[in-house]
Amino acid sequence: MSTSTGFDVRRIGGRIGAEILGVDLQQELDPALVAELNTALLDHKALVFRDQHLDDAGQLRFASLFGELTTAHPTVPSAEGQPNVLPVDGEAGQRANRWHTDVTFVRTPPKASTLRSIVVPPYGGNTLIANSQAAYDDLPEPLRAFADRAWAVHTNDYDYAVPRDERAAARRKQFTSRTYRTAHPVVRVHPETGRRGLFVGGFARTLLGFDGEQSQELLRVLQSYVTRPENVLRVSWNPGDVVLFDNRATQHYAPDDYGDLPRLLHRVTVAGDVPVGVDGSESYVVEGDEAAHYTPAVA
């Protein structure tokens, strides 16, 4: 599909994903072009820009076109000298091989995330991105009616994996150095499109009104719709690629399938708003603070 500003949008998945052709992210982008990119993001949920070879400054400049930036993470240190850049380093125990939406344990998770590949292994190391709005559409009516009314508590502090080594254990300790627990609607209404999507993923641990075991069983059923193969895009990285995805309508997963090979991405995220459920109710903090040090959305 060609656009009025001259770039092409090539679909790469049946339900999610498009490559953007003819846009050089090293150049200053016209506001009309940015508006069309945002429309493409809303339509396709994940946009892939090949062979861009940005540096940190270029990635920050690009991400900021879509809104104010968060700092790197609520608890994990940023790249040296870059407070808004999170290094995603496979050699530092940062293998996020669990389906999740970024930072849903705070009240105002990011609007969008950008990933830039710096070092990629010769095999494996892909990123999977799933369309959580298509997952909602797939729900049978009785399950959809349940999800519309359900709320989940998301937290960064739970035993989601046994650390593989001392470095991973240290990262785990850092990740949970400040505890956050936030109640979000299981079905989030997208603030720009009004579409409904499942808002669950790895940080969602319990459902309000259910015990832990019941919660996990129900969340497992809902999550199975998100990760159905037809809802998933697999991004195979080349050095210099950039991916932009809508954090309000997706989950992602990085398979740990590249052994001891190095893999390094940099992540920059755009600040988001407070999720809203089907009945208009907003997410609220259960434990922890408003993470004002992380996101300007709090103000």
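This structure is a prediction, so every number in the text was calculated from the model and none was measured.

*Asks:* Looking at this model, I keep getting lost on the sheet that holds strand E14 (residues 250-253). Mind explaining?
*Replies:* The strands making up a sheet associate through hydrogen bonds between their backbones, and the pairing can be parallel or antiparallel. With antiparallel pairing, the three strands of this open sheet are ordered in space as E12-E6-E14. Of all the strands in the sheet, the pair left with one neighbour each is strand E12 (232-235) and E14. Within this sheet the neighbouring strands show an average axis-to-axis angle of 20 degrees, counted without direction. Where strand E6 (residues 127-131) lies against E14, four bridges are found, and the strand directions are antiparallel. When the bridges of E14 are listed, Leu 128 appears paired with Tyr 253.

*Asks:* Could you clarify how one ought to interpret the pairing of strand E13 (residues 242-246) in this entry?
*Replies:* The side chains of a regular strand alternate, first on one face of the sheet and then on the other. Burial runs high along E13: five of the five residues are buried. Side chains of E13 alternate between two faces, with Val 242, Leu 244 and Asp 246 and Val 243 and Phe 245 buried alike. Taken together, the four bridges between strand E3 (residues 46-49) and E13 define a ladder with antiparallel strand orientation. Among the inter-strand pairings, Leu 47 is bridged to a residue of E13, identified as Leu 244.

*Asks:* Got a minute to help me understand the sheet that holds strand E11 (residues 204-207) in this structure?
*Replies:* The four strands lie next to each other as E11-E7-E8-E16, forming an open sheet whose pairing is antiparallel. The open sheet terminates on both sides in strands that have one partner only, identified here as E11 and strand E16 (284-287). Taking the axes of each pair of neighbouring strands and ignoring which way they run, one obtains an average angle of 35 degrees across the sheet. Looking at chain direction, strand E7 (residues 151-155) and strand E8 (residues 181-185) are connected through five bridges and run antiparallel. Bridged to Ala 152 within E8 is His 184.

*Asks:* Quick question: what am I supposed to make of helix H6 (residues 212-226) here?
*Replies:* In an α-helix, one full turn covers 3.6 residues, which means residues spaced three or four apart are oriented alike. When the terminal C-alpha atoms of H6 are compared, their 21 Å separation across 15 residues agrees well with the 21 Å that a helix rising 1.5 Å per residue should span. You can read the cap of H6 off the contacts: a side-chain oxygen lies 3.2 Å from the backbone nitrogen of Glu 213, and it is on Asp 211.

*Asks:* Help me understand the side chain of Thr 176 in this model?
*Replies:* Looking at the secondary structure, you find Thr 176 in the loop between helix H5 (166-175) and E8. Residue Thr 176 is classed as buried on the basis of its relative accessible area of 18%. In this structure Thr 176 touches Asn 156 and Asp 157, once residues within four positions along its chain are discounted.

Definitions and cut-offs
- Residues numbered from 1 in each chain as written.
- Predicted model: local features only at pLDDT ≥ 70, side-chain atom pairs only at ≥ 80, totals over all residues.
- Heavy atoms only, no water.
- Pairing = 2+ DSSP bridges.
- Helix = DSSP H or I, 4+ residues; strand = E, 2+ residues; numbered from the N terminus.
- Axes fitted to C-alpha atoms, helices over the stretch in contact; angles between N-to-C directions.
- Buried < 20%, exposed > 50% of the residue type's maximum accessible area, 1.4 Å probe, protein only.
- Expected span 1.5 Å × (residues − 1).
- Polar contact = N/O pair within 3.5 Å; in protein donor to acceptor, adjacent residues only side chain to side chain.
- Contact = heavy atoms within 4.5 Å.

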